Every structure is written in structure tokens, then in C-alpha cells.
Amino acid sequence: MGKSDLTGALKRNGFVFTDAETKDEQPTERLNAEIPTGLHERFKAPCRAEVRGMTDVLTQLVETYVELMGNE
């Protein structure tokens with residue numbers, strides 16, 4: 001999957017998520033991942049600037065990835 005594919009999918013999905021869609025209506029599972037510190041900081045900065053939780057953004061990214069891969 002190329003960067004343009006993911007970018008297009010994010011734009012199509014509006015990349016807007018509410019807590020009701022992610023947490024309140026569905027059971028959740030914890031996901032722990034080791035990522036490079038620099039990537040973590042680069043991810044955290046725009047989340048903070050947009051006043052969006054990292055969990056909500058990651059949920060949107062995972063849903064978009066699953067959609068792109070055809071595994072809904």
C-alpha cells in the first residue's frame with residue numbers, strides 16, 4: 001500500500017472520529033506497540049495541535065487500513 005492510497009482513504013473517510021464511535025458503543029482491547037521515539041513524538045505533535053486523542057487517531061488509522069486491505 002502506497003502513501004497516496006492511505007492519504008486518499010483518509011480523505012474519503014473524513015478522518016473525523018468521535019468518542020461515541022470508538023469507545024462508548026463497542027468493547028475495547030488494549031494494543032501495545034513499540035515504535036521509535038522520534039515517530040512517537042512526530043505523531044503526538046499533530047494530535048495535540050488538533051486537540052485529538054492519540055487513541056482516536058490510531059483507531060481511525062486502523063479502520064482505514066482494514067478497509068483498504070478488504071478485511072472488514
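Residues numbered from 1 in each chain as written. Predicted model: local features only at pLDDT ≥ 70, side-chain atom pairs only at ≥ 80, totals over all residues. Heavy atoms only, no water.

(A) Structural context of the overall build of the chain. The number of helices and strands found in the chain is four helices and zero strands. In the chain, the order of α-helices and β-strands from amino to carboxyl end is α-α-α-α. Here the chain, with 72 residues, has 17% of them falling under the buried criterion. (Helix = DSSP H or I, 4+ residues; strand = E, 2+ residues; numbered from the N terminus. Buried < 20%, exposed > 50% of the residue type's maximum accessible area, 1.4 Å probe, protein only.)

(B) Spotlight on the pattern of salt bridges. Tallied over the entire structure, the rule returns two salt bridges. With its nearest N and O atoms 3.6 Å apart, the salt bridge here joins K44 to E41. Of this pair, K44 and E41 both sit in helix α3 (residues 37–49), separated by three residues, roughly a single helical turn. The class of E41 is partly exposed, set by a relative accessible area of 42%. (Salt bridge = Lys/Arg side-chain N within 4 Å of Asp/Glu carboxyl O.)

(C) Spatial organisation of the confidence of the model for the chain. Predicted confidence across the chain gives a mean pLDDT of 79, with 65% of residues reaching 70 or more. Looking at the elements of the chain, mean pLDDT is at its lowest for helix α2 (residues 19–24), recorded as 49, and at its highest for α3, recorded as 95. (pLDDT = per-residue confidence, 0-100.)

(D) Focus on helix α4 (residues 54–69). The end-to-end C-alpha distance of α4 is 22 Å, a good match for the 22 Å that 16 residues give at a rise of 1.5 Å each. Among the residues trailing α4, G70 stands out with phi positive, at a value near 75°. (Expected span 1.5 Å × (residues − 1).)

(E) A look at α3. Between the first and last C-alpha of α3 there are 18 Å, a value that for 13 residues agrees with the 18 Å anticipated at 1.5 Å per step. V51 occupies a position one or two residues after α3 and carries a positive phi of about 55°.

(F) Inspection of the packing of α3 against α4 at higher detail. The contact between α3 and α4 brings their axes to 10 Å, and the two run at 105°. Relative to α4, α3 is oriented roughly perpendicular. Along its contact with α3, which presents H40, F43, K44 and C47, the element α4 presents M54, V57, L58 and L61. A class-by-class count of the residues in the contact of α3 with α4 yields six nonpolar, one polar and one charged. (Axes fitted to C-alpha atoms, helices over the stretch in contact; angles between N-to-C directions. Parallel < 35°, antiparallel > 145°, perpendicular 65-115°, else oblique. Contact = heavy atoms within 4.5 Å. Nonpolar A, V, L, I, M, F, W, Y, C, P; charged D, E, K, R; others polar.)

(G) Structural context of the environment of K44. Accessibility expressed as a relative area gives 23% for K44, which makes it partly exposed. Each C-alpha atom, one on K44 and one on M54, is 6.9 Å from the other, the two residues being 10 residues apart in sequence.

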